Amino acid sequence: MNKFDLLTFTKMKNTDGIQSTVSFSNGWGASIVKSDISYGGKSGLFEIAVLDNDGKINSQTDITDDVVGWCDDKDVDRILTAISKLNPDGTLPNDVTI
């Protein structure tokens, strides 16, 4: 089973959309959003932000220097898998590709 199938989405408070957050044992996490204001949301696609150990968006990882938009469920699964393998300094191990 992929990681996307394990996500639980809830209605967002300040916009018409849904969001799920996930934390991994390596201290990193992600926010997965689909709304009218997210990248790809109007097309039914998701936007992913990498979260640090404090739950804040971190734009200094090998995953992205911003958020990753326009993601379908397979993209979400692939990116969550990569986030789950990040090193403490935000780099990916050499054997991990996005």
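About the thresholds
- Residues numbered from 1 in each chain as written.
- Predicted model: local features only at pLDDT ≥ 70, side-chain atom pairs only at ≥ 80, totals over all residues.
- Heavy atoms only, no water.
- Pairing = 2+ DSSP bridges.
- Helix = DSSP H or I, 4+ residues; strand = E, 2+ residues; numbered from the N terminus.
- Contact = heavy atoms within 4.5 Å.
- Axes fitted to C-alpha atoms, helices over the stretch in contact; angles between N-to-C directions.
- Buried < 20%, exposed > 50% of the residue type's maximum accessible area, 1.4 Å probe, protein only.
- Polar contact = N/O pair within 3.5 Å; in protein donor to acceptor, adjacent residues only side chain to side chain.
- Salt bridge = Lys/Arg side-chain N within 4 Å of Asp/Glu carboxyl O.

Peer 1: I would appreciate a short explanation of the sheet that holds strand β3 (residues 29-35) in the present structure.
Peer 2: By way of backbone hydrogen bonds, the strands of a sheet pair with one another, either parallel or antiparallel. Across the sheet, 5 strands lie side by side as β1-β2-β3-β4-β5; this open sheet has antiparallel pairing. Only two strands of the sheet have a single neighbouring strand rather than two, namely β1 (10-11) and β5 (68-71). Bridging between β1 and strand β2 (residues 17-23) involves 2 bridges; their strand directions are antiparallel. Among the inter-strand pairings, Lys11 is bridged to a residue of β2, identified as Ile18. Strands β2, β3, β4 (46-51) and β5 of the sheet are contacted by helix α1 (residues 73-83), whose axis makes an angle of about 145° with β5.

Peer 1: I'm lost on α1 in this one. Help?
Peer 2: Three or four residues apart is the spacing at which side chains of an α-helix point the same way, because the helix has 3.6 residues per turn. Considered for burial, the residues of α1 that qualify are Val76, Asp77, Ile79, Leu80, Ala82 and Ile83. Residue Asp72 occupies the N-cap position of α1, its side-chain oxygen lying 3.0 Å from the main-chain nitrogen of Lys74.

Peer 1: Explain the pattern of salt bridges here, please?
Peer 2: Oppositely charged side chains can form a pair if their charged atoms are brought close together. One pass over the structure, following the stated rule, counts 2 salt bridges. The salt bridge partner of Asp16 is Lys11, with a shortest N-O separation of 3.8 Å. We classify Lys11 as exposed; its relative accessible area is 61%. Put simply, Arg78 and Asp75 hold a salt bridge, and the shortest N to O gap is 3.0 Å. With Arg78 and Asp75 both in helix α1, this residue pair falls 3 residues apart, about one helical turn. Classification of Arg78 as partly exposed rests on a relative accessible area of 35%.

Peer 1: Explain the pairing of β4 here, please?
Peer 2: The side chains of a regular strand alternate, residue by residue, between the two faces of the sheet. Most of β4 sits out of view: 6 of its 6 residues are buried. The alternating pattern of β4 places Phe46, Ile48 and Val50 on one face and Glu47, Ala49 and Leu51 on the opposite face, and all of these are buried. Judged from the 5 bridges that link them, β3 and β4 form a sheet pairing that is antiparallel. The partner of Val33 across the bridge, within β4, is Glu47. Bridge count between β4 and β5: 2 bridges; the pairing is antiparallel. Within β5, the residue paired with Ile48 across the bridge is Val68.

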